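Structural features, examined
Spelled out from the first residue to the last, the chains are:
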Amino acid sequence: MLARPRLRALCLRNARHTLPAQSQRRQINHFVSQNPPTADQPPPSQPQTTFTLAVKDNITTVSPLPTTTCASPFLASHASPFQATIVTQLQSFGAQLVAKTNLDEFGMGSHSTHSAHGPVAQSLGGSPYSAGGSSGGSAVAVANEEVDLALGTDTGGSVRLPAAYCGVVGYKPSYGMLSRHGVVPYANSLDTVGLLARTVGRIRELVVERGLWKVWDGRDPTSLGEATRRRCAEGREGCNGEKGRGLEGVRLGLPVEYNIEELEGRVKDAWVEAAGRLEERGAKVVPVSLPTTRHALSAYYVIALAEASSNLAKYDGVSRGQGFGEEVKRRILLGSYTLSSEAMDNYFLKAQAVRRLVRRDFDRVFRLENPLQDEQEVFDLSEMSDDIPMESKLGPAEVDFLLCPTAPTLAPKLEDVMSGQGVLDAYMNDVFTVPASLAGLPAVSVPMPVEGEERMAGLQLIGQYWDDAKLLGVAEAVSEVLRGTK
Amino acid sequence: MARIPTAELSRYLFAGQIGHRGCLRASRIRIAPTSSSLQTRQFASHVESQAPTATTVPPTPLRKQLKEQAKALKASGQKKKKKVDNQTVPGWELTVGIEIHAQLNTARKLFSPAANSFNDDPNSHVALFDVAMPGSQPVFQPETLIPAVRAALALNCEIQRVSRFDRKHYFHWDQPSGYQITQYYEPFAKDGKLELLARDGIAAEDGESITVGIKQVQMEQDTAKTTAQPGEVQWLDFNRVGVPLIEIITLPEIHHPATAAAFVRKVQVMLNAVDACVSGMEAGGLRADVNVSVRRTDDKCGTLGTRTEIKNLSSFKAVEDAIIAERDRQIAVLESGGVVEGETRGWAIGSTETRRLRGKEGEVDYRYMPDPDLGPVVIDLPLVQYLASSSGLAPDAETDQLIEDYGLTAKDAISLMALDDGARVQYFYNVLDALEQKLGSASVDTIAVDRGLSTLAANWCLHELGKLTELSNNLGMTHKGECKVPSADLAALLYHLHRKEITAKVAKELLWAIFRGEISQGGVTEAIEANDLWFHELSEKEYSDLADQVVEGEDKVLGEFLRFAEGKGKAYPQGKLMFLVGKVMRAGPEQRMDPASVERVVRARIDEVYIPGLKSKE
């Protein structure tokens, strides 16, 4: 087993944005290994340090933090012989790697509690709350202002959910945009590298202005080729870093199916309130229908766990019963079951069919076409919710982005999570984040104030495939509007 | 991994309970020796036998196995039925389907740029992905498609524009990722066929020719090479992990054991001819699994009997023998009122029966899943057309040419084509070219072949060269058709032999000397000269005198010739003639005599001298 990382005295750097109750936030077990920032002299070969970086411990690094444990006893001493492309890219932009962050083992979890290093928590008002998962350590590091930027991985919401719980910005790019080479996979067809920061602007600067979105990585077979990148970028705004028109004329869709029973009242109110404020700033807000939403969560868990059970088959060096935590074991069993010859047709293949329908739902509501689809979807009005008004004879309004909460609740207390909140409840946290993952779409969670609450909620914007640049531009505007509301 | 009953899994999934004897405990890997010392190649399918029922046999040397087989046969008092007479069992129909794995001839592995090596230092060509390093990903190497598509075209398959890769899961130490990447749902080639001719060695019952349908050809990864060491230790060479293979799957359309063996042999020839394959069955580059079932010939229900699978057959003989044994076993079971179980069986070289490896309950659920890292493979028509047009003469056409234009027997032609993975026939061309050049008979019109020369060269390239390797010597044949006996030296040897400047006996001794390296390259003529091995043939007079001497007192034999001359005997007594020739050969200085000359002289003396002599005696 790993030694628990020593808790280091928190050294707050110059806080640029003093958040409410900032002083009460304390790190709790969010780092797996650390290399304290040496702000003064970087080695001559390295570019000038321009920002500090924490990396989720399922993304390989070689120096100065040589281990990549994935929070699994299996990889307790694993020193990767190579470094993930995304880390190298950020270092070339001047990132100084200062910590590897705690997570749910192999990224499997929603609260960063299923870790060989022990659970991650955020401290709010002196009590420990869930940091969200699985990139909880990264979110806490950013929220505590210990780093400027953190890398996470987002398979079904693992960057957006902790960002929402911890009150920071979490961005999941279009699938295939940022290289996964060096990311220890959970579910390859859903995994993306995500970025967490305190402002959308920092993420936008790296992804759009410094051109991370353009870079193809031949070592990642799911990294989009250069020609495809160019084709996808046609008709996309803001790719070259040009500032958009803010919220003016932007159409935001509120998916009616997201108004679910499990959605906490305070969060729902904040969502409605936020939509209203955005409308005041020139956005047009309309209801839209995503009829497959209610099946998306089950489809997600079938596909993700099937792929996970396959990916983890390699860790057979010692008895797997000893080497994996409970949650990982549960997921391997579920995944193995859905792939078994008897269950395959009923689960895995059906889930893939649902996945196509989820993507089709999105393609129908977005004004932009999905560049990866050959044919435009035909609209069948009968499948749509009755609540959706028609814009014209041709159907309801098409939108630029979807606007919805990132999670149905605020960050729960850690003890409630640990003391056996049902497994299904934990899976339920992902209900608003998995649809974008299934469809490979870009999404960003920005902090959303909640009336009478110290805790932040997350407001999620989802865009059409490869519309990342404009998504980040609009999210920045949205974020500014929301910040002004508190 | 022991299989968890679905019922138990369901219980777990719906109630969160799992028995203590759950899969996590059972998944402990059992390290057991495998029977891989003879053929160190272990294909993925082989390792399926690691369920608890698996029989793992300690490695036994081939020679020992063969000896034991002979002993067992003798002890049983059985006379082995000749295979030719054992192609059918009255009242029963046999049905066989075959799966062949062949290693592709490529520079790199299937999903990593590591070199595809054959005999390099162990673990010297291993990429991170090959050993499943966390965070590494497969990168498909498109050039592996070239031999794969060539092979599929040689088997008359339809190349699929879009194909995909799937993961096949099972645990074994030779598969670091816990799964093999293969093409299960959408293979790259389908619906092929291969025509087998009588000369290919099919069963007589199949007549002049038979066509075997090929269901699909798929690309997949090879596993690491396991080498058993003393004391339960296995050495692993990851150079082979991820090396590209193709798996060829036939329809169940073969009904005779010899035809099945002929099919595998012909596939090997076809793959060699298009340069798709690294090595043949002898070297372990090709392996076959066979599916066998039987049903009564009067069975009208139209469905095949329950089939069993025999895995990892490593020679053509094993294919035929295993099928015969399994067919007979199934018939015996059915005739005694039993039921054939669907199961996997094994075959040891030289045995007389197949043995059960595991039944249905021991089967591994491979949990096939499309590989989520790998996109579809798109093969455009122009590539297929280019490869089709650049594949050279098809082996059947080449065999025809050897028979019709070079005057070879069908048997020799097929042997030449098959030996040394297709390199032997190239060697033959090299020798023949050099020989013709020396004789100045190389004509501009290459179609006209001096059949005397071509059959002479073929005889030496096949049979005399074959004798060199009888004691397990290696010819060291390269794919360019050169070996330890340089083609130019064999041609020099045959040049002198053809011109009767040396005897066949001397030529054979010289061949051994060349093979052993006692004659330096290009030094054949010098060696003959230095050792005075030239053929100083007896004169006609000396031959006649010798013959006269030998025939003394053979009046009884000569009488046969007289009978023939008088029209009393039906056929010329060739046997008696050869008897006399033999006597003459033994009586004279062998190194100065040519059997052909002796035969000519003796025959002339019989007609001209001895018969008139006999007549005058009467």
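These numbers were taken from a predicted model, which means no experiment stands behind them.

Digging into the confidence of the model for chain A
With 86% of its residues at a pLDDT of 70 or more, chain A shows a mean pLDDT of 87. Of the regions scoring below 50 in pLDDT, residues 1-27 of chain A engages in 39 contacts with residues more than four places distant in sequence or in other chains.

Description of the environment of Glu208 of chain B
Residues and elements named next belong to chain B. Considering the arrangement of structural elements, one finds Glu208 in the loop between β6 (189-197) and β7 (209-221). With 9 C-beta atoms counted inside 10 Å, the residue Glu208 sits in the exposed group. Taking the C-alpha atoms as reference, Glu208 lies 46 Å from Arg605; in sequence the two are 397 residues apart. Setting aside chain neighbours within four positions, we find Glu208 in contact with Leu197 and Ala198.

Side note on the sheet that holds strand β2 (residues 31-34) of chain A
Residues and elements named next belong to chain A. Read across the open sheet, the 11 strands follow the order β2-β4-β3-β7-β9-β8-β13-β14-β12-β10-β11; overall the sheet is mixed. Each having just a single partner strand, β2 and β11 (284-288) make up the two edges of the open sheet. Taken over all neighbouring pairs, the strand axes of this sheet differ in orientation by 30° on average, direction set aside. Looking at chain direction, strand β10 (residues 251-255) and β11 are connected through five bridges and run parallel. From the neighbouring strand, Pro255 faces β11, where its bridge partner is Val288.

What about the environment of Gly276 of chain A?
With respect to the secondary-structure elements, Gly276 of chain A resides in helix α6 (residues 265-280). You can call Gly276 of chain A exposed: it has 10 C-beta atoms within 10 Å.

Section: helix α11 (residues 451-468) of chain B
All names here are of chain B. For α11, spanning 18 residues, the distance from its first C-alpha to its last is 25 Å, which sits close to the expected 26 Å at 1.5 Å a residue. Every buried residue belonging to α11 is among Leu453, Ser454, Ala457, Ala458, Trp460, Cys461 and Leu465, and all of these are buried. For α11, the secondary structure elements touched by its buried residues are α9 (410-418), α10 (423-439) and α12 (487-498).

Notes on the UniProt feature "active site" (unreviewed entry) in chain A
Residue and element names in this part refer to chain A. As annotated in UniProt, the feature "active site" (unreviewed entry) corresponds to Lys56, Ser134 and Ser158 in the numbering used here. Of the residues just listed, which span 103 residues, no C-alpha pair is farther apart than 11.0 Å, and they cluster in one region. Its place among the elements puts Lys56 in strand β3 (residues 51-56). Overall, the presence of 32 C-beta atoms within 10 Å leaves Lys56 in the buried class. When near neighbours in sequence (up to four residues on either side) are disregarded, Lys56 contacts Thr101, Leu103, Ser135, Gly137, Ser138, Leu151, Gly152 and Thr153.

Description of the packing of α10 of chain B against α12 of chain B
Residues and elements named next belong to chain B. Axis separation between α10 and α12 bottoms out at 8 Å; the angle between their running directions is 50°. Relative to α12, α10 is oriented oblique. Helix-helix and strand crossings are classified by hand; for α10 and α12 the assignment is right-handed. Residue-level contacts link Tyr427, Asn430, Val431, Ala434, Leu435, Lys438 and Leu439 of α10 to Ser487, Ala488, Leu490, Ala491, Leu494 and Tyr495 of α12. For the contact of α10 with α12, the per-class residue count stands at 10 nonpolar, two polar and one charged.

Description of helix α10 (residues 348-365) of chain A
Residue and element names in this part refer to chain A. For α10, spanning 18 residues, the distance from its first C-alpha to its last is 26 Å, which sits close to the expected 26 Å at 1.5 Å a residue. Among the residues making up α10, those that are buried are Phe348, Ala351, Val354, Arg355, Val358, Arg359, Asp361, Phe362, Asp363, Arg364 and Val365. Close packing links the buried residues of α10 with β10, β11, α7 (293-311), α9 (326-339) and α13 (434-439).

Quick word on the sheet that holds strand β4 (residues 166-169) of chain B
Residues and elements named next belong to chain B. Spatial ordering of the open sheet is given by β5-β4-β15, a layout of three strands whose pairing is antiparallel. If you trace the sheet from one side to the other, it starts and ends with β5 (179-182) and β15 (369-370), each paired once. Relative to β15, β4 runs antiparallel, the two being bridged by two bridges. Among the inter-strand pairings, Arg167 is bridged to a residue of β15, identified as Met369.

Here's the deal with unusual backbone geometry
At the junction of Ser63 of chain A and Pro64 of chain A, the peptide bond is cis and its omega measures out at 5° in the coordinates. One can find Pro64 of chain A in the loop between β3 and α1 (85-92). Ser134 of chain A follows Gly133 of chain A through a cis peptide bond whose omega is 5°. Structurally, Ser134 of chain A is set in the loop between β6 (127-130) and α2 (136-143). Of note in the backbone geometry, Ala132 of chain B takes a positive phi value of approximately 60° without being a glycine. Of note, Ala132 of chain B is situated in the loop between β1 (92-103) and α4 (145-154).

Some words on the confidence of the model for chain B
All names here are of chain B. On average, residues of chain B carry a pLDDT of 81, and 83% of them reach 70 or more. Looking over chain B, one finds the lowest element-wise mean pLDDT in helix α2 (residues 23-26), namely 34, and the highest in β5, namely 96. Both scores are available for the predicted complex, with the pTM at 0.77 and the ipTM at 0.89.

A word on the pairing of β4 of chain B
All names here are of chain B. Of the two faces of β4, the one holding Asp166 and Lys168 and the one holding Arg167 and His169 are both buried throughout. As defined by bridge partners, β4 adjoins β5 across four bridges and the pair is classed as antiparallel. Along β5, the bridge assignment pairs Arg167 with Ile181.

Considering the interface of chain B and chain A
Each side of the interface is counted separately: chain B has 32 residues, and chain A has 36 residues. Looking at the side of chain B that touches chain A, the elements with two or more residues in it are α1 (6-15), α2 and β4 of chain B. In terms of residue count, the dominant contributor to the side of chain B that touches chain A is α1 of chain B (four residues). A breakdown of the residues in the side of chain B that touches chain A according to their chemical character gives 18 nonpolar, eight polar and six charged.

Thoughts on the pairing of β1 of chain B
Residue and element names in this part refer to chain B. Pairing of β1 with strand β11 (residues 286-296), which is carried by 11 bridges, proceeds in the antiparallel orientation. Residue pairing for β11: Ile98 is matched across the bridge by Val290. Bridge count for β1 against strand β10 (residues 244-250) is five bridges, and the pairing is antiparallel. Following the sheet pairing, Ala102 is matched in β10 by Ile246.

Notes on the environment of Phe362 of chain A
Residue and element names in this part refer to chain A. Mapped onto the secondary structure, Phe362 falls in helix α10. Overall, the presence of 25 C-beta atoms within 10 Å leaves Phe362 in the buried class. For Phe362 and Gly194, which are 168 residues apart along the polypeptide, the C-alpha to C-alpha distance reads 21 Å. Residue contacts for Phe362: discarding those within four places in its chain leaves Ala439 and Leu441.

Reading the values: rules and limits
Residues numbered from 1 in each chain as written. Chains lettered and ligands numbered in written order. Predicted model: local features only at pLDDT ≥ 70, side-chain atom pairs only at ≥ 80, totals over all residues. pLDDT = per-residue confidence, 0-100. Contact = placed C-beta atoms within 7 Å. Helix = DSSP H or I, 4+ residues; strand = E, 2+ residues; numbered from the N terminus. Buried ≥ 20, exposed ≤ 12 C-beta atoms within 10 Å, placed from the backbone. Pairing = 2+ DSSP bridges. Axes fitted to C-alpha atoms, helices over the stretch in contact; angles between N-to-C directions. Expected span 1.5 Å × (residues − 1). UniProt positions renumbered as here; feature names shortened; annotations may be inferred. Parallel < 35°, antiparallel > 145°, perpendicular 65-115°, else oblique. Left-handed = near helix turned anticlockwise from the far one by under 90°. Nonpolar A, V, L, I, M, F, W, Y, C, P; charged D, E, K, R; others polar.

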